[in-house]
Amino acid sequence: MSSGREGSWNLISAAVVIVFLLDAVVFAQAKSFEDVRCKCICPPYRNITGHIYNRNDSQKDCNCLHVVDPMPVPGHDVEAYCLLCECKYEERSSNTIKVTIIIYLSVVGALLLYMLFLLLVDPLIRKRDRYTQPLHNEEDSEEMHPQVDGGLARGNTVLERVEGAQQRWKKQVQEQRKTVFDRHKMLS
Amino acid sequence: MEAGEGVSSATPTEEMNGAGNLMDFLDEPFPDVGTYEDFHTIDWLREKSRDTDRHRKITSKSKESMWELIKSLLDAWSGWVVMLLIGLLSGTLAGVIDLAVDWMTDLKEGVCLSAFWYSHEQCCWTSNETTFDDRDKCPQWQKWAELMTGNAEGAGAYVLNYFLYILWALLFSFLAVSLVRVFAPYACGSGIPEIKTILSGFIIRGYLGKWTLLIKTVTLVLVVSSGLSLGKEGPLVHVACCCANLFCSLFSKYSKNEGKRREVLSAAAAAGVSVAFGAPIGGVLFSLEEVSYYFPLKTLWRSFFAALVAAFTLRSINPFGNSRLVLFYVEYHTPWYMAELVPFILLGVFGGLWGTLFIRANIAWCRRRKTTQLGKYPVLEVIAVTGITAVLAYPNPYTRRSTSELISELFNDCGALESSQLCDYINNPNMSRPVDDIPDRPAGPGVYSALWQLALALVFKIVITIFTFGMKIPSGLFIPSMAVGAIAGRIVGIAVEQMAYHHHDWIIFKNWCRPGADCVTPGLYAMVGAAACLGGVTRMTVSLVVIMFELTGGLEYIVPLMAAAVTSKWVADAFGKESIYESHIQLNGYPYLNVRDEFTHRTLATDVMRPRRNDPPLAVLTQDTTTVEDVETLIKDTDYNGFPVVVSRESERLIGFVQRRDLTLAIKNARQKQDGVVSSSVVYFTEDAPQLPASNPQPLKLRRILNLSPFTVTDHTPMETVVDIFRKLGLRQCLVTRSGRLLGIITKKDVLRHMAQMMNQDPDSIMFN
């Protein structure tokens, strides 16, 4: 029915998947210097207050003896002190975080801009259109449907097709909005 | 393929396939035949037989050439490919949601100066200057007041932080609700009631669409980070199902067959829970126990695979930096004792009561929203609830943070390293045991102040969740329910622990808890409480226990969890049979034929069928005397979804059943493409039309769209059997006959209305177009 729209959508979804895969590749790259840590938490012991030690260490060397430096206790107490400490080797990917947050923010930004466009600019354009094309005013949605389809079939340029798809999508959303927000038929 | 060839080839294929063949849909002569309209129910039998035909055709073709063989292999593999794609995408989306939520939740309190995209924890990841007392402070992370005015302490800073917290929360939720309103109204709610309905065979166009997917993902982050009392687990199931629908459109096997599509959706639900809880097996069981309607073994294996891929993808993104799939993963090793089953069962009772209270109150509130003026201000409602939540949540440290973090803290046992208030026990100064095994200790002042803060948090969560669930934003209730249970459980756990510490000599503690032993784990109580409350609300049992078990990774806690889950189910079932999802299905009047309900009334098919006594006779078509014009008038005058075809009006012997949509499309198509079909053309449902003189208009042969094996029952079949047939076979309609003569028809709608009537509900509330 709407191969053009489907095609563009598939393109977009493919693009999104590729972006995510890139994201995955970025994160899969060698761990950068600040992406690994060995964190040792040592509770209070005798008269020494609790301490947290943080080191960039390999997983092999992640133990109290390597990380706790300088050792706060004399040599014969080291073993007892280290038994209390809990050392954890952790990894993260700062690139994944960065890329994800930036992608997320740009998606939200784009949606916001589009929303503002739909709410503020679009009605103005439609209003001007209505003076030039009195036929194209708001009829009942079901009456409108074949018209839009016909328009789609005629319009060969990409712009017209996008326009047609957008119109159809808007109709659908309007219908959904009526169902959910006005008639409270669903999802209440 | 063109129409003429299709028609001529119909008869031989039919003969070859034998009686089991309903229709030959493979070479569809015109598009859209066999699809359904919005808000209609599908006919599972028809979908199944269509798929069998398709399969048979591919198998027979595959012997012809190498290329066809490869094509058939590809077709056989496409199911697994779809699962792989679903797993990859839903795992990735879950990872994105987790990362973004982590950042945005902390954005309400402050910002990372070195890199704005870091959350508090990530910001202080490499910080070396942390001492034990203020371990979560580091110079790169600044609270808003500190950043703006320069001083981090004092009343002024507190008020400013408070104010900005509320402001951010309001901004996030306002953004969310406007995005939902403008782009995808179907993205609101938890989605599980609707998914259940869709899986049972209802069509809601656009509910699993691309915009819904995009908006639900984006707004889910916003609402979760706004601090509202809701979770991301239910909506993640919806997101995964949207992914499934997206990938279904790539393969004609799934995009053209609604029944097959539902198998994929069932599996996707498993993938959704798999990433939501990091519990792949729990996800598969959730799909089986809670959402699916039709779940063959093949789907079981596929959901297993999808859940595996999704969990693996999320694991490789590692959103929490702890190599786990959820924030609140815990590991216990301490054993539990038989006597502890008593508090566990008490927690189960609490969970059941909470479930009942929540369902009743939430349904009452949602009904109010549906029917009164309140429903006219969805945006204002969201803003108001967010405002109240933020104002009340900030002063209490247990509600200020995100609910997942709260649950994580409650689940975790107090080691020697914990600095939180909940772990402020009085330590034995010369304790030098290894960290794992700390004996029970007396509670310090911090624990007592934490207890009353937790009690306040419990009341707050109970009340606010009732008002939050069902607003016009994506909202799940797993996390708030678990939080309620975890808080209650932790309080009980601490109480038991202190009792055991102070009263070693009591008879119950005597041979269980010696002084200096570690015998009570409050974290385990929190976990059991969470399971009980979740069970009370959703009435899950097996999948719930498996999910919780996968969260702990300890086999020995299965019995306590089972005891709590089953108790909470008993208690909750005593007050009302429906889970929250079923209650919402009923509230919205979705045509959902519940498999679990028992139908015990002694009515007969003849009492339920249409036409009733005083109704006009059934609208039927005859096999060889109706004209195109008659059919068109019939379609125009009635709104039935299908018409029985009989031999003649006098004998009324049944031939088959034809769908309204197929009939409309066939006639429209024939009028456009077939020469000589005019209003006075006769419609033939027989195998071959008689040779007519040339003066007569060209006949229209419609045997191809005729269902030759409609399901029939006799008029004295008990309704109990009819309901069972509808449930188990997923019928859309069933014809009632007496000795071959057509008497009437029973549709799914009639069955649902009849059941509602028998249960003293309003039968007109059920939604159908």
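Residues numbered from 1 in each chain as written. Chains lettered and ligands numbered in written order. Predicted model: local features only at pLDDT ≥ 70, side-chain atom pairs only at ≥ 80, totals over all residues. Heavy atoms only, no water.

A. Broad picture of the overall build of chain B. A count of helical and extended segments in chain B gives 29 helices and 11 strands. For 769 residues, the compact-globule estimate of 2.2 N^0.38 gives 27 Å, and chain B sits close to it at 31 Å. Viewed in the frame of its principal axes, chain B has a C-alpha envelope of about 110 × 60 × 55 Å. Scored against the burial criterion, the 769 residues of chain B give a buried share of 59%. For chain B, the proportion of contacts with a sequence separation of at least 24, taken over those separated by at least 6, is 74%. Just so you have it, chain B exposes about 30700 Å², and 59% of that area is on carbon and sulfur atoms. (Helix = DSSP H or I, 4+ residues; strand = E, 2+ residues; numbered from the N terminus. Rg over C-alpha atoms; globule rule 2.2 N^0.38 Å. Buried < 20%, exposed > 50% of the residue type's maximum accessible area, 1.4 Å probe, protein only. Contact = heavy atoms within 4.5 Å. Areas by Shrake-Rupley, 256 points an atom, 1.4 Å probe, with all protein chains shown as cover.)

B. How the structure looks around the UniProt feature "domain: CBS" (unreviewed entry) in chain B. Residue and element names in this part refer to chain B. If you check UniProt for "domain: CBS" (unreviewed entry), the listed places come out as residues 609-673 and 706-765 in our numbering. Within residues 609-673, the helical portion is 37% and the strand portion 20%, while the C-alpha atoms at the span's ends are 38 Å from each other. Counted over residues 706-765, helix gives 37% and strand 30%. Its end C-alpha atoms are 32 Å apart. (UniProt positions renumbered as here; feature names shortened; annotations may be inferred.)

C. Broad picture of the pattern of salt bridges. Residues and elements named next belong to chain B. Counted according to the given criterion, the structure contains 29 salt bridges over all chains. Salt-bridge contacts for R54 lead to D75; the nearest nitrogen and oxygen are separated by 3.2 Å. Here R54 is found in helix α2 (residues 44-62), whereas its partner D75 is found in helix α3 (residues 66-107), with 21 residues between them in sequence. On the basis of relative accessibility, which here comes to 14%, the residue D75 falls in the buried class. Between D750 and R610 there is a salt bridge, and its shortest N-O distance comes to 3.3 Å. Of this pair, D750 sits in helix α29 (residues 748-758) while R610 sits in the loop between α25 (605-608) and β3 (621-622), and the two are 140 residues apart along the sequence. Shared partners join several salt bridges into a network, and the residues in it are D51, R54, D75, K260 and E263. (Salt bridge = Lys/Arg side-chain N within 4 Å of Asp/Glu carboxyl O.)

D. Here's a closer look at the packing of helix α21 (residues 522-538) of chain B against helix α23 (residues 558-575) of chain B. Residue and element names in this part refer to chain B. Two elements in contact, α21 and α23, have axes separated by 8 Å at closest approach and are oriented at 30°. Viewed along their axes, α21 and α23 form a crossing whose handedness is right-handed. Residues M527, V528, A531, A532, G535 and G536 of α21 pack against P560, L561, A564, S568 and A572 of α23. (Axes fitted to C-alpha atoms, helices over the stretch in contact; angles between N-to-C directions. Left-handed = near helix turned anticlockwise from the far one by under 90°.)

E. Structural detail: the side chain of B:R660. Residues and elements named next belong to chain B. Residue position: R660 is located in helix α27 (residues 660-673). Reaching out from R660, the side chain makes a polar contact with the backbone oxygen of T638 at a distance of 3.0 Å. Apart from residues lying up to four places away in sequence, R660 is in contact with I635, T638, D639, Y640, N641, G642 and F643. (Polar contact = N/O pair within 3.5 Å; in protein donor to acceptor, adjacent residues only side chain to side chain.)

F. Quick look at the packing of helix α7 (residues 192-199) of chain B against helix α12 (residues 280-291) of chain B. All names here are of chain B. Where α7 meets α12, the axes come as close as 11 Å, and the angle between the chain directions of the two elements is 75°. Relative to α12, the element α7 is oriented roughly perpendicular. Contacts between α7 and α12 pair I192, K196 and L199 from the former with F286, E290 and V291 from the latter. A breakdown of the residues in the contact of α7 with α12 according to their chemical character gives 4 nonpolar, no polar and 2 charged. (Parallel < 35°, antiparallel > 145°, perpendicular 65-115°, else oblique. Nonpolar A, V, L, I, M, F, W, Y, C, P; charged D, E, K, R; others polar.)

G. Looking closely at α12(B). Between its terminal C-alpha atoms α12(B) stretches 15 Å, which fits the 16 Å expected from 12 residues at 1.5 Å a residue. Every buried residue belonging to α12(B) is among B:G282, B:G283, B:V284, B:F286, B:S287, B:E290 and B:V291, and all of these are buried. (Expected span 1.5 Å × (residues − 1).)

H. Here's a closer look at the nonpolar core. B:F183, B:F411, B:M482 and B:M548 are the most contacted members of the largest nonpolar core, which has 205 residues in total. Broken down by element, the residue count for this core peaks at 13 residues, all from α3(B). Among residues more than four places away in sequence, those in contact with B:F183 are A:L111, A:Y114, A:M115, A:L118, A:W169, A:V173, B:W211 and B:I215. Core analysis: the next-biggest nonpolar cluster, separate from the first, contains 20 residues, B:A619, B:L621, B:V631 and B:L702 among them. (Core = buried A, V, L, I, M, F, W, Y, C linked by side-chain atoms within 4.5 Å.)

I. View of the side chain of B:T717. Residue and element names in this part refer to chain B. Looking at the element boundaries, T717 is found in the loop between β9 (712-714) and α28 (719-729). In terms of polar contacts, T717 uses its side chain to reach the backbone carbonyl oxygen of T714, at 2.6 Å. Sequence-distant contacts of T717, defined by excluding residues within four places in its chain, comprise L604, A605 and V722.

J. Representation of the pairing of strand β5 (residues 654-659) of chain B within the structure. All names here are of chain B. Pairing analysis gives 5 bridges linking strand β4 (residues 642-646) to β5, with the strands arranged antiparallel. Looking at the pairing, P644 lines up with F657 of β5. Relative to strand β8 (residues 706-707), β5 is paired through 2 bridges, and the arrangement is antiparallel. Each residue of the ladder has a partner; that of V658, found in β8, is L706. (Pairing = 2+ DSSP bridges.)

K. Seen up close, the domain arrangement of chain B. Residue and element names in this part refer to chain B. Per the domain assignment, the segments of chain B are domain 1 (84-317), domain 2 (346-588) and domain 3 (605-765). Its C-alpha centre places domain 1 at a distance of 21 Å from the equivalent point of domain 2. With 51 residues of domain 1 at the contact, the number on the domain 2 side is 50 residues. Interface of domain 1 and domain 2: buried area, both sides summed, is about 4200 Å²; carbon and sulfur atoms make up 68% of it. Linking domain 1 with domain 2 are 1 salt bridge. Salt-bridge contacts for E582 lead to K196; the nearest nitrogen and oxygen are separated by 3.3 Å. (Domains from an automatic or database assignment. Buried area = accessible area lost by both parts, 1.4 Å probe.)

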